[in-house]
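Take a look at the letters that make up each chain.
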Amino acid sequence: MNSFNANCENCPVHNANNLVKLGIDMKDFDFVIALAGNPNTGKSTVFNALTGLRQHTGNWPGKTVTRAEGGFEFNGHKYKIVDLPGTYSLLSTSTDEEVARNFILFGQPDVTVIVADATRLERNLNLILQVLEITDRAVLCLNLMDEAERNGIEIDIRTLSKELGIPVVPTAARQKEGIPDLLQYIDEVATGKYKCKPRRIKKRDPKLQKAIKLLSNELKQLFPNLPNTEWVALRLLEGDQEIIKAIKTGELEHLERTELLSNASDSIKKEKVTI
Ligand SMILES: Nc1nc2c(ncn2[C@@H]2O[C@H](COP(=O)(O)OP(=O)(O)O)[C@@H](O)[C@H]2O)c(=O)[nH]1
Ligand SMILES: [Mg+2]
């Protein structure tokens, strides 16, 4: 009997079909991680600390934006990690933002690691909250902690983690401090052991909220497994052309887990059967 079923909370959630379209080959990997963050937060340093020499660079399909991807193993799981362009937001107003947003939305990475600058947490929160609107699987890597300490900045990690609803890991990536904890939390979120409860905007204008609810209910019927219908509804109300196109072409449909399961790579299937 194949124990890999649609209701398995521990199964990978990434969208194998869309990842291929986004130029990611998931053959021989169990989980895919996206690395997001503002520019200069130490994203590349974290990427290097996680992957070592197992990495290569190329371009995003159809774009002149460079992409680094690499791999590592942890706890018997094979991870692919994709470095997204450094951005301050995901509103898709630049190619970089579009690339980062589309990857999280359509690729549905098993974990999105957001690298933030501990010395400028407030400024970084904008992107953190936007990522949490799109995905419910994320880990905050609070980097440059050595700089924060040097500047007398204290951060209440536990409260921040509770407020955001995701693990928060303090790191000083240049010194490789905190990387083992980061790996542990990535693995817990990827395997479903840690269940994130991402903070999302709840209070909106009642009229807007009603419109979102209406549209989101329709989206749920069309795409029963879409995890973020309210966010998609809001984008539709804004007239977001990319999202409208994704609905017309059926790209959003591919976010359904049933689709993922029938197309998941053999290696993933094998891994799950043996558990
Ligand atoms: N002090 C300190 N510097 C760091 C840390 N992580 C990265 N850096 C430095 O910050 C600069 C930007 O890092 P980089 O990884 O290129 O950032 P990216 O633009 O987010 O990819 C580089 O000079 C790094 O060596 C850290 O934890 N502590
Ligand atoms: Mg970089």
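Computed from a predicted model, the values in this text were never measured in an experiment. Numbers given for residues are sequential positions, taken from 1 along each chain in its written order. In the order they appear in the text, chains get letters beginning with A and ligands get numbers beginning with 1. Only residues with pLDDT of at least 70 get local features here, since the model is predicted, and only at 80 or more are side-chain atom pairs given and counted; chain-wide, interface and lining totals rely on the full set of residues. For the side-chain quantities, the full set of heavy atoms in the structure was used; hydrogens and water were omitted.

A. Main features of the overall build of the chain. By definition, any uninterrupted DSSP run of H or I lasting at least four residues is a helix, any uninterrupted run of E lasting at least two residues is a strand, and each is numbered from the N terminus. Scanning the chain from terminus to terminus reveals 12 helices and seven strands. Burial here depends on accessible area, computed with a 1.4 Å probe over protein chains only, as a share of the maximum for the residue type. Under 20% is buried, over 50% is exposed, and the range in between is partly exposed. Within the chain, buried positions represent 52% of all 275 residues. Relative to all contacts within the chain whose residues are 6 or more apart in sequence, the contacts with residues 24 or more apart total 71%. The contact criterion used throughout is that any non-hydrogen atoms of two residues lie within 4.5 Å.

B. Structural view of the sheet that holds strand E6 (residues 138–143). Here, any two strands with at least 2 DSSP bridges between them count as paired. With respect to topology, seven strands assemble into an open sheet ordered E2-E3-E4-E1-E5-E6-E7, the strand pairing being mixed. Edge positions in the sheet fall to strand E2 (55–59) and strand E7 (168–170), since each has one partner strand and no second. Strand after strand, the sheet turns through a mean of 25 degrees between neighbouring axes, direction not considered. Where strand E1 (residues 31–37) and strand E5 (residues 111–117) come together, five bridges link them in parallel fashion. Angles run from 0 to 180 degrees between N-to-C directions of axes, and those axes are lines fitted to C-alpha atoms, restricted for helices to the stretch in contact.

C. Here's a closer look at the nonpolar core. Nonpolar cores are built from buried Ala, Val, Leu, Ile, Met, Phe, Trp, Tyr and Cys residues. Side-chain atoms within 4.5 Å join them into one set. Leu50, Leu84, Phe103, Val113, Leu140, Leu142 and Leu182 are the most contacted members of the largest nonpolar core, which has 74 residues in total. Excluding residues that lie within four positions of it along the chain, Leu182 makes contacts with Val46, Leu50, Val113, Val139, Cys141 and Val169.

D. The arrangement of unusual backbone geometry in detail. The phi dihedral of Asn75 is positive, around 55 degrees, even though this residue is not glycine. Even without a glycine there, the phi angle at Gln108 is positive, about 45 degrees. You can see Gln108 is positioned in the loop between helix H3 (95–107) and E5.

E. Representation of the pattern of salt bridges. Basic side-chain nitrogens of Lys or Arg form a salt bridge, by our definition, when they fall within 4 Å of a carboxyl oxygen of Asp or Glu. Tallied over the entire structure, the rule returns 11 salt bridges. Here Asp83 ties to Lys43 by a salt bridge, and the two come within 2.6 Å at their closest N and O atoms. Separated by 40 residues along the polypeptide, Asp83 in strand E4 (residues 77–83) and Lys43 in helix H2 (residues 43–51) bring together distant segments of the chain. In this structure Asp83 comes out as buried when scored by relative accessible area, which is 11%. A salt bridge links Arg101 to Asp240; the shortest N-O distance between them is 2.7 Å. Within this pair, whereas Arg101 is found in helix H3, its partner Asp240 is found in the loop between helix H9 (229–237) and helix H10 (241–249), the two being separated by 139 residues in sequence. Of the two residues examined, Arg101 and Asp240, each falls in the buried class. The network of salt bridges with shared partners includes Arg67, Glu69 and Lys80.

F. Representation of the site of ligand 1 in the model. Residues in close proximity to ligand 1 total 14 residues, the closest being Asn40, Lys43, Ser44, Thr45 and Asp146. Within the contact set of ligand 1, an oxygen atom lies 3.1 Å away from a side-chain nitrogen or oxygen of Asn143. Contacts described as polar in this section are N or O atom pairs within 3.5 Å, which, within protein, must combine one atom able to donate a hydrogen with one able to accept it, while residues neighboring in sequence count only if both atoms come from side chains. Arg174 places a side-chain nitrogen or oxygen 3.4 Å from a nitrogen atom of ligand 1. The Shrake-Rupley method, run with a 1.4 Å probe sphere, supplies the accessible areas, and residue values consider only the shown protein chains as cover. The protein chains hide 74% of the 580 Å² of surface that ligand 1 would expose on its own. When residues in the shell around ligand 1 are grouped by element, the largest group, three residues, is from H2. Proximity is defined per residue: any heavy atom of the residue falling within 4 Å of a molecule or strand makes that residue near it.

G. Seen up close, the environment of Ala116. Its place among the elements puts Ala116 in strand E5. Sequence separation between Ala116 and Thr41 is 75 residues; the distance between their C-alpha atoms is 5.6 Å. Those residues in contact with Ala116 that lie beyond four places of it in its chain are Thr41, Asn124, Ile128, Leu140, Cys141, Leu142 and Asn143.

H. Region of the structure containing helix H4 (residues 121–134). How far a helix is expected to stretch is found by multiplying one less than its residue total by 1.5 Å. Look at H4: 20 Å from first C-alpha to last across 14 residues, which is about the 20 Å you get at 1.5 Å a residue. Among the residues of H4, those classed as buried are Leu121, Asn124, Leu127, Ile128, Gln130, Val131, Leu132, Glu133 and Ile134. Contacts made by the buried residues of H4 are with E1, H3, E5, E6, helix H6 (157–164) and H9.

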